[in-house]
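What the coordinates show
Read off the chains here:
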Amino acid sequence: MKRQILILGASYGSLLGTKLALGGHDVKLVCLPAEADAINTGGVRVRMPIKGREGLTEVHSWKLPGKITAAGPSEVKPKDYDLVALAMQ
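Here the structure is a predicted model, which is why all the values come from computation and not from measurement. (Residues numbered from 1 in each chain as written. Predicted model: local features only at pLDDT ≥ 70, side-chain atom pairs only at ≥ 80, totals over all residues. Heavy atoms only, no water.)

Further remarks concern the sheet that holds strand β2 (residues 26–30). For sheets, the rule is that strands pair by backbone hydrogen bonds, running either parallel or antiparallel. Taken in spatial order, the four strands line up as β5-β2-β1-β6 in an open sheet, and their pairing is parallel. In this open sheet, the two strands that pair with only one neighbour each are β5 (68–71) and β6 (83–86). Averaged over all pairs of adjacent strands, the angle between strand axes in this sheet comes to 25 degrees, irrespective of strand direction. Helix α1 (residues 10–22) contacts β1 (4–8), β2, β5 and β6 of the sheet and is inclined by roughly 180 degrees relative to β2. The strands touched by helix α2 (residues 33–42) are β2 and β5; relative to β5, the strand with the most contacts, the crossing angle is about 155 degrees. (Pairing = 2+ DSSP bridges. Helix = DSSP H or I, 4+ residues; strand = E, 2+ residues; numbered from the N terminus. Axes fitted to C-alpha atoms, helices over the stretch in contact; angles between N-to-C directions. Contact = heavy atoms within 4.5 Å.)

Right, let's talk about the pairing of strand β4 (residues 56–60) for a bit. Sheet topology places strand β3 (residues 45–49) next to β4; five bridges connect them, and they run antiparallel. Across the sheet, residue Arg45 finds its bridge partner in β4, namely His60.

What follows is the structure, given as structure tokens:
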């Protein structure tokens, strides 16, 4: 079942959001307007280690079954989401 997930914090939230989008869920990252524009234009790229592989594997959000988008704090309503996560330092 596809879920709508809101993550507060795009920097730390990108990894969590990518893993959720790999599972087919739609993710909205909440961040500063300039960051939101960059994410909505170019997507998210995360490099992570994979067990049994050497080096890092790059995952691009445009190639995932779920969707990752971004918005500023005033553009989202938490009640519209199935799950809200705080991913800030």
